[in-house]
Amino acid sequence: MRILLVQPPLDAGSEAAPPLGLCTLAAHLKRRGDEVLVCDLDLEVKTKLRATGATYLEHCADVLADFAPDVVGLTSMFNNSLQAERLIRLARRRAPDLSIVAGGPHFGSLGGHALQRIGDLDFVVRGEGETSFSLLLDALASGTPVETIPRLCGRDAAGAIWENPNAPLIKMDAGPTWRALGDSVDLARYAATIPGGSPRRIVYIEAGRGCPFACTFCATAPFWERRFRVKPVGVLVEEIRDLHERFGYDSFILVHDLLTVDQRFISRFCDAMLEARLPVEWMANSRTDIRMRQILPKMKAAGCWKLFFGIESASVDVQRAIDKDLRMEDVVQTLDELAELGIASTCSFVIGFPGESAEDISATIDMAARAKLLGAETVQVHRLRLWPPSPLSRSGIHAVFDLESLRIEYPFVPVPEEDAREIAADRQFFSGYFAPVTIAGTPEEISQIEMFFHHTLAVAPFTIGALARMAGPQLIPSFKETLSASGPIVRESLSWDIGIHYANWAVLEPLLRRWVEKLGVLQEWQRQLVYGLMRYEAARLQFITERRGDAVSDAFASGDDWIALDTTADFVCLARLLSTGEALDPVLLQDGGVLVTHEGGDQFAAYQLSLEQRASMAGASRTSTGFVSP
Amino acid sequence: MAEAIAVTGYVSDKVARQLRSGKWESIDVHPERKEGDTFVRVAASAVRDARVGSSKAGRTLVQLILNDDATIETVVRSAPRGQRFFDPTLARITAAAIANKIEI
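How each quantity is defined
Residues numbered from 1 in each chain as written. Chains lettered and ligands numbered in written order. Predicted model: local features only at pLDDT ≥ 70, side-chain atom pairs only at ≥ 80, totals over all residues. Heavy atoms only, no water. Helix = DSSP H or I, 4+ residues; strand = E, 2+ residues; numbered from the N terminus. Buried < 20%, exposed > 50% of the residue type's maximum accessible area, 1.4 Å probe, protein only. Contact = heavy atoms within 4.5 Å. Areas by Shrake-Rupley, 256 points an atom, 1.4 Å probe, with all protein chains shown as cover. Rg over C-alpha atoms; globule rule 2.2 N^0.38 Å. Expected span 1.5 Å × (residues − 1). Pairing = 2+ DSSP bridges. Axes fitted to C-alpha atoms, helices over the stretch in contact; angles between N-to-C directions. Buried area = accessible area lost by both parts, 1.4 Å probe. Salt bridge = Lys/Arg side-chain N within 4 Å of Asp/Glu carboxyl O. Polar contact = N/O pair within 3.5 Å; in protein donor to acceptor, adjacent residues only side chain to side chain. Nonpolar A, V, L, I, M, F, W, Y, C, P; charged D, E, K, R; others polar. Phe/Tyr/Trp six-rings, centres within 6.5 Å; stacked < 30°, edge-to-face > 60°. pLDDT = per-residue confidence, 0-100. Left-handed = near helix turned anticlockwise from the far one by under 90°. Parallel < 35°, antiparallel > 145°, perpendicular 65-115°, else oblique.

## Here's the deal with the overall build of chain B
Counting its regular elements, chain B contains 1 helix and 8 strands. Reading chain B from its N end, one meets helices and strands in the order β-α-β-β-β-β-β-β-β. In terms of its C-alpha atoms, chain B occupies a principal-axis envelope of roughly 40 × 30 × 25 Å. The buried share of chain B, taken over its 104 residues, is 41%. The contacts of chain B with a sequence gap of at least 6 include a subset with a gap of at least 24, amounting to 60%. Counting only carbon and sulfur atoms, one obtains 46% of the accessible surface of chain B, whose full area is about 5500 Å².

Written as structure tokens, this is what we have:
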């Protein structure tokens, strides 16, 4: 049969990655002998349509006419479900006899409810798609009944919706995905969207499925029915080799809910990667209560450049309430072990859980800053989202429509009013864009807390870490008071791209300054310490943005690739106290200096100067190249 | 699973070729691909097995399995610049120049 698999536009960025779910399904169908074309409208928007002004709907209509499929399959990732729905309606108008099937994270979680909402949709495959989609194609080709196909949802002749029970999950022992795709996908077009000069050429590959844990907010663990499965090591290494050799990808995100839970697998994978001698790196998801000290050196040697950890909250009560039960001692130990080996990490925190207090969030922000000072490359602060089929999304907790959640990730910016109205009108379908009500603050306040700390932790970790440590539980309550008096930050004024943004500091600094001025729990030495940290963070942000010493007006001396700054803090001691979790002390308030040097590429270094060193620096030439004392 | 103490890091491709040939006396192993101010100096007499991995941008990954009673040197080269501190906004964390216990 001729199958057209469609991904709607996904995000507002410029890079496009091959749609993993559709490509996996396409490879499966190709192995069966089906004729498959993947129509990735995200790729088309980014590489063609923005320039021509044509819409994704017009492009899809052309593809439908050219390819003339027997069956169309659509996926969506929650944020682009409205676009998927419009594509379904388009396909029905263009080809009334076409069979239209939906699946993937959103439709595949909602099953029959998607059919209720979208009358033009014929079938939904719930959960894992390979087996059910294949059986459906066979039934459609032979004209046999579809009502017994596991995981399939459809309508009877009277329009009533039926949902079949689940089937056993597949073994993930099929061959490599990417070679099997043949001409269904032009992978070179994706590789071409990576900007020249990017430090990494990143691609996602599926390593397996299923996390055995049962965190109540998590959608992916129940989607894969919590059964841990991995691809054979040899297949994974072959996929990495293939994508590296054909398209120059050198960094691989091994997509799996929790790959490191099976350390024997990780060990075998590392052995195979070492044997393969591929000059590539990889990252994976882990948990901080999985002890990996013994295997981390091998992982580093085998190319592991980063691990992702969902830490969620520093509150014991919240950890218990969400059935995650992480201990912060384990977080610190894990980050210490990674730092020793130079393995980077992303630490993700979630705020806005029902029952979570503002004081709980204060502790979480302190932990987030600590993680940053312990070496986490990226610290993310997210709001709780009710994605189906997570247990929390089905718990009936009170939630209100939240445009801010939608604006974070909508494929089109700004979000069209018509789209926002449609999404706001159907909570059951679009539950991810309805913010749960929490005692920590209003949805607007939680949104501002998310935005402010997500960005300030990136650009000013010392300032936020010190404030969190000194204000303690009052951190968030006092921030909310300042916010109420000053008004909100405008989301569009911030850059959300990865990287360090001096421009973001300019947006955030006025609110930060007002907050520090009003923060009643601070003693005077603490306030002076924070002002000193803010001066340092602003100057070094300006330096790493401009990359010219003479661009930094606050520097008392500078060269082409260095600046020297007056400071009022002992940064060596401060960095240690913030990372160990100890209380800050007035002894930190010390006159001195800091030298910031550009070490080449995107690497910089900072050195604490003694008063004597600071004095000797004061006469250094502002135009000299390199760090030269007079 | 057996364990050993090993130094894992990067050397130039030229040094890696010497390692493969077995004709070497002492090498400097850098914990990151890019050469930094801190590295490990290992004598051939301290090594019972030398593994040579992938090469990228002129630098080759190596793993030196040490003898049980081996000693190695950690070398820190520094200019009189004051005391370095970790500012996560300026640089990513880098590996320490040390030997680690590994599974073999």
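So, next bit.
## What about the overall build of chain A?
On a plain count of helices and strands, chain A comes out with 25 helices and 21 strands. Against the 2.2 N^0.38 benchmark of 25 Å for 630 residues, chain A shows a C-alpha radius of gyration of 26 Å, consistent with a compact globule. Reported as C-alpha extents along the three principal axes, the dimensions of chain A are approximately 85 × 55 × 50 Å. For chain A, with 630 residues in total, the buried portion stands at 60%.

## Some remarks on helix 4 (residues 81-94) of chain A
All names here are of chain A. In this model helix 4 runs 20 Å from its N-terminal to its C-terminal C-alpha over 14 residues, within 8% of the 20 Å that 1.5 Å per residue would give. Of all 14 residues in helix 4, 10 are buried, a share of seventy percent or more. Those residues of helix 4 that fall on the buried side of the exposure criterion are S81, L82, Q83, A84, E85, L87, I88, L90, A91 and R92.

## Some words on the side chain of A:K231
Structurally, A:K231 can be placed in the loop between strand 10 (229-230) and helix 11 (233-247). With sequence-adjacent residues up to four places away left out, A:K231 is seen in contact with A:M172, A:T177, A:E206, A:A207, A:G208, A:L236, A:E239 and A:F265.

## Re the sheet that holds strand 8 (residues 202-206) of chain A
Residues and elements named next belong to chain A. Spatial strand order, 8-11-12-13-14-15: 6 strands in an open sheet with parallel pairing. Looking along the sheet, the strands with just one partner apiece sit at the ends: strand 8 and strand 15 (378-383). Between one strand and the next, the sheet's axes are offset by a mean angle of 20°, whatever the strand orientation. Direction of pairing for strand 11 (residues 251-255) relative to strand 12 (residues 281-286): parallel, over a ladder of 3 bridges. Opposite F252, over in strand 12, you have W282 as the bridge partner. Those strands touched by helix 11 are strand 8 and strand 11, and its axis lies near 150° from that of strand 8.

## With respect to the interface of chain A and chain B
With 49 residues of chain A in contact, the opposing surface of chain B contributes 36 residues. The contact between chain A and chain B buries some 3600 Å² in all, and 55% of this surface belongs to carbon and sulfur atoms. When the area that chain A buries against chain B is broken down by residue, the three leading residues are A:R277, A:Q294 and A:Y607, summing to 17%. Across the contact surface, chain A and chain B share 3 salt bridges. Where A:R540 meets B:D87, a salt bridge forms, and the shortest distance between an N and an O atom there is 2.7 Å. Where chain A touches chain B, the interface holds 12 residue pairs in polar contact (both at pLDDT 80 or more). Looking at the side of chain A that touches chain B residue by residue, the class counts come to 31 nonpolar, 8 polar and 10 charged. Relative to strand 7 (residues 83-85) of chain B, strand 21 (residues 603-609) of chain A is paired through 3 bridges, and the arrangement is antiparallel.

## A look at the packing of aromatic side chains
Residues and elements named next belong to chain A. This structure, assessed with the given rule, holds 24 aromatic pairs over all chains. Summarising the aromatic geometry, the rings of F223 and W224 are spaced 4.9 Å apart at their centres and angled 90° between planes, so their arrangement reads as edge-to-face. Assessed through its relative accessible area of 17%, W224 is described here as buried. Where F462 meets Y536, the ring centres are 6.3 Å apart and the plane angle is 70°; that geometry is what we call edge-to-face.

## Comments concerning the environment of A:A191
Residues and elements named next belong to chain A. Relative to the assigned elements, A191 resides in helix 9 (residues 187-191). Classification of A191 as buried rests on a relative accessible area of 7%. Along the primary structure A191 and P389 are separated by 198 residues, whereas in three dimensions their C-alpha atoms are 33 Å apart. For A191, the contacting residues outside a window of four places in its chain are R201, F247 and Y249.

## Overview of the pairing of strand 2 (residues 26-29) of chain B
Residue and element names in this part refer to chain B. Only one face of strand 2 is covered, namely the one carrying I27 and V29; the face carrying S26 and D28 has none of its residues buried. For strand 2 and strand 3 (residues 38-43), the ladder comprises 4 bridges, and the chain directions are antiparallel. Within the sheet, the bridge partner assigned to D28 lies in strand 3 and is R41.

## Some thoughts on the sheet that holds strand 5 (residues 59-66) of chain B
Residue and element names in this part refer to chain B. Across the sheet, which stays open at both edges, the 4 strands sit in the order 4-5-1-8 with antiparallel pairing between neighbours. The open sheet has two edge strands, strand 4 (47-56) and strand 8 (100-103), and neither has a second partner. Shown here is a sheet whose adjacent strand axes are inclined to one another by a mean of 40°, direction ignored. In terms of strand pairing, strand 4 meets strand 5 through 7 bridges, oriented antiparallel. Its bridge partner lying in strand 5, A50 is registered against L64.

## Quick word on the environment of A:W562
Residues and elements named next belong to chain A. Following the sequence through the fold, W562 ends up in strand 19 (residues 562-569). Taking the relative accessible area as the measure of exposure, W562 reaches 0% and is therefore buried. In the structure, W562 is positioned 21 residues away from L541 in sequence and 13 Å away in space, judged by C-alpha atoms.

## A short note on the confidence of the model for chain B
Residues and elements named next belong to chain B. Looking at chain B as a whole, its pLDDT mean stands at 89, while 99% of the residues score no less than 70. Per-residue pLDDT, averaged within each element of chain B, yields its smallest value for strand 8 (80) and its largest for strand 2 (95). Interface scoring of the predicted complex returns ipTM 0.88; its pTM is 0.93.

## Re the packing of helix 21 (residues 475-486) of chain A against helix 22 (residues 502-518) of chain A
All names here are of chain A. Running from N to C, helix 21 and helix 22 cross one another at 115°; their axes reach a closest spacing of 9 Å. Seen along the crossing, helix 21 lies across helix 22 with a hand that is right-handed. Counted together, L475, S478, F479, T482, L483 and S486 of helix 21 and L511, R514, W515 and K518 of helix 22 form the full contact between these two elements. Classifying every residue of the contact of helix 21 with helix 22 by side-chain character gives 5 nonpolar, 3 polar and 2 charged.

## Details of the packing of helix 20 (residues 461-471) of chain A against helix 24 (residues 571-580) of chain A
Residues and elements named next belong to chain A. For the pair helix 20 and helix 24, the least separation of the axes is 10 Å and the interaxial angle reads 60°. Accordingly, the angle class assigned to the pair helix 20 and helix 24 is oblique. As helix 20 runs across helix 24, the sense of the crossing is left-handed. Mapping the contact onto sequence places F462, G465, A466 and R469 in helix 20 and F571, L574, A575, L577 and L578 in helix 24. Classifying every residue of the contact of helix 20 with helix 24 gives 7 nonpolar, 1 polar and 1 charged.

## Things to note about the pattern of salt bridges
All names here are of chain A. Inspection of the entire model under this criterion finds 60 salt bridges over all chains. Residue R117 pairs with E422 through a salt bridge whose shortest N-O separation is 3.5 Å. With R117 in helix 6 (residues 112-117) and E422 in helix 18 (residues 417-424), this pair connects stretches of sequence that are 305 residues apart. Classification of R117 as buried rests on a relative accessible area of 19%. Salt-bridge contacts for E329 lead to R327; the nearest nitrogen and oxygen are separated by 3.4 Å. Looking at E329, the relative accessible area reads 48%, which means it is partly exposed. By relative accessible area, R327 is classed as partly exposed at 46%. Residues participating in the shared-partner salt-bridge network are E85, R86, R89, R117, E418, D419, E422 and D426.

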